[in-house]
Amino acid sequence: DAKTTQPPSMDCAEGRAANLPCNHSTISGNEYVYWYRQIHSQGPQYIIHGLKNNETNEMASLIITEDRKSSTLILPHATLRDTAVYYCIVPYNNNDMRFGAGTRLTVKP
Amino acid sequence: GAVVSQHPSWVICKSGTSVKIECRSLDFQATTMFWYRQFPKQSLMLMATSNEGSKATYEQGVEKDKFLINHASLTLSTLTVTSAHPEDSSFYICSARDRGIRTEAFFGQGTRLTVV
């Protein structure tokens with residue numbers, strides 16, 4: 001079973017920031033948090049990952065709470081092409097890539 | 001990001017035949033590859049994890065004699081669906097993890113298998 005829980009769906013207005021939460025209360029000290037997204041009928045796309053510190057790349061920002069029990073993926077300016085299912089993954093021992101149900105993000109014009 | 005190529009993108013086969021799906025890491029060496037199956041409107045279900053040169057570790061409920069996984073090199077893993085039946089029709093996806101310092105896994109584009 002996945003070690004994460006996410007809301008099943010979210011909406012976001014185009015151009016606004018999309019904030020996707022993830023709970024991972026059983027995370028261990030050396031386990032990373034990974035985020036992927038899947039657009040319909042494609043393989044998942046890597047977005048970002050982190051351990052303790054907040055991370056930012058060209059796609060998104062990842063905010064991890066100090067106790068590491070939850071995190072938030074931020075898409076700063078959502079576009080219609082960001083509509084997808086977003087998966088937060090905490091692999092057991094950093095090797096067990098199991099997917100939960102994810103969050104279906106719908107970006108609306 | 002790194003590139004993982006999966007082939008074929010789609011395949012239709014007759015019931016009782018076998019189908020092989022290839023997963024290649026194009027610009028990195030993959031010590032670990034993962035195989036998933038995804039049914040419509042569901043999440044990805046991990047089928048097996050394979051490490052280069054070792055036998056694959058199958059998830060509970062996945063028949064290892066039906067879903068043959070070979071990870072003979074650092075850039076290639078194959079999944080063979082043997083004696084396919086219509087209920088094996090699904091979207092099969094592989095992913096590969098770099099042997100180096102990068103820890104993220106990269107995914108292929110998936111293979112849509114239809115068994116008729």
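Scroll up to find the structure this text is about.
The structure presented is a predicted model; accordingly, all values stated were derived computationally and were not measured.

### Overview of the pattern of salt bridges
- With the rule as written, the count across this model stands at six salt bridges over all chains.
- Put simply, Lys 3 of chain A and Glu 31 of chain A hold a salt bridge, and the shortest N to O gap is 2.6 Å. Taken together, the residues Lys 3 of chain A in the segment before strand S1 (9-13) and Glu 31 of chain A in the loop between strand S2 (18-23) and strand S3 (33-38) connect sequence positions 28 residues apart.
- For the salt bridge of Glu 22 of chain B with Arg 24 of chain B, the shortest nitrogen-to-oxygen distance reads 3.5 Å.

### Describing unusual backbone geometry
- With an omega dihedral of 5°, the bond running from His 7 of chain B to Pro 8 of chain B counts as a cis peptide bond.
- With respect to the helices and strands, the residue Pro 8 of chain B is situated in the loop between strand S1 (4-7) and strand S2 (10-13).
- Here the phi dihedral of Arg 68 of chain A falls at roughly 65°; this positive angle occurs in a residue that is not glycine.
- By the element assignment, Arg 68 of chain A lies in the loop between strand S6 (61-64) and strand S7 (70-75).
- Taking the relative accessible area as the measure of exposure, Arg 68 of chain A reaches 7% and is therefore buried.
- Here the phi dihedral of Ser 83 of chain B falls at roughly 45°; this positive angle occurs in a residue that is not glycine.
- Structurally, Ser 83 of chain B is set in the loop between strand S8 (76-81) and strand S9 (90-98).

### Let's talk about the state of the cysteines
- Inspection of every chain in the model, using the stated rule, returns two disulfides over all chains.
- Across a sulfur-sulfur distance of 2.1 Å, Cys 22 of chain A and Cys 88 of chain A are joined as a disulfide pair. Since a negative S-S torsion denotes a left-handed disulfide, the Cys 22 of chain A-Cys 88 of chain A link at about -80° is left-handed. One end of the pair, Cys 22 of chain A, is in strand S2; the other, Cys 88 of chain A, is in strand S8 (residues 84-89), with 66 residues separating them in the sequence. By the burial criterion, Cys 22 of chain A is buried, and Cys 88 of chain A matches it.
- Here Cys 23 of chain B pairs with Cys 94 of chain B through a disulfide, and the sulfurs are 2.0 Å apart. With the S-S dihedral at roughly 80°, the linkage between Cys 23 of chain B and Cys 94 of chain B falls on the right-handed side. With a gap of 71 residues between them, Cys 23 of chain B in strand S3 (residues 19-25) and Cys 94 of chain B in strand S9 connect regions that are remote in the sequence.

### Considerations on the sheet that holds S8 of chain A
Residue and element names in this part refer to chain A.
- The strand order across the open sheet built from five strands is S1-S9-S8-S3-S4, with neighbouring strands paired in mixed fashion. Whereas interior strands pair on both sides, the edge strands pair on one side only; in this sheet they are S1 and strand S4 (45-50). Averaged over neighbouring strand pairs, the angle between their axes works out to 25° when direction is ignored.
- Pairing geometry for S3 and S8, over five bridges, is antiparallel.

### Some points on the interface of chain B and chain A
- Listed per partner, the contact involves 20 residues of chain B and 18 residues of chain A.
- Both sides of the chain B and chain A interface together cover about 1500 Å² of buried area, and 50% of this is carbon and sulfur.
- At the boundary of chain B and chain A, one finds one salt bridge.
- Joining chain B to chain A, the criterion identifies six residue pairs in polar contact (both at pLDDT 80 or more).
- Listed by contribution, the elements that provide at least two residues to the side of chain B that touches chain A are strand S4 (30-38), strand S5 (45-51), S9 and strand S10 (105-107) of chain B.
- Here the element with the most residues in the side of chain B that touches chain A is S4 of chain B; it accounts for four residues.
- Here the side of chain B that touches chain A is built from residues that sort into nine nonpolar, seven polar and four charged.

### Some thoughts on the side chain of His 71 of chain B
Residues and elements named next belong to chain B.
- Position of His 71 relative to the elements: it lies in strand S7 (residues 67-73).
- A polar contact is formed between the side chain of His 71 and the backbone oxygen of Ala 30, at a distance of 3.3 Å.
- For His 71, the side chain forms a polar contact with the main-chain nitrogen of Glu 52, separated by 3.4 Å.

Reading the values: rules and limits
- Residues numbered from 1 in each chain as written.
- Chains lettered and ligands numbered in written order.
- Predicted model: local features only at pLDDT ≥ 70, side-chain atom pairs only at ≥ 80, totals over all residues.
- Heavy atoms only, no water.
- Salt bridge = Lys/Arg side-chain N within 4 Å of Asp/Glu carboxyl O.
- Helix = DSSP H or I, 4+ residues; strand = E, 2+ residues; numbered from the N terminus.
- Buried < 20%, exposed > 50% of the residue type's maximum accessible area, 1.4 Å probe, protein only.
- Disulfide = S-S within 2.5 Å.
- Pairing = 2+ DSSP bridges.
- Axes fitted to C-alpha atoms, helices over the stretch in contact; angles between N-to-C directions.
- Contact = heavy atoms within 4.5 Å.
- Buried area = accessible area lost by both parts, 1.4 Å probe.
- Polar contact = N/O pair within 3.5 Å; in protein donor to acceptor, adjacent residues only side chain to side chain.
- Nonpolar A, V, L, I, M, F, W, Y, C, P; charged D, E, K, R; others polar.

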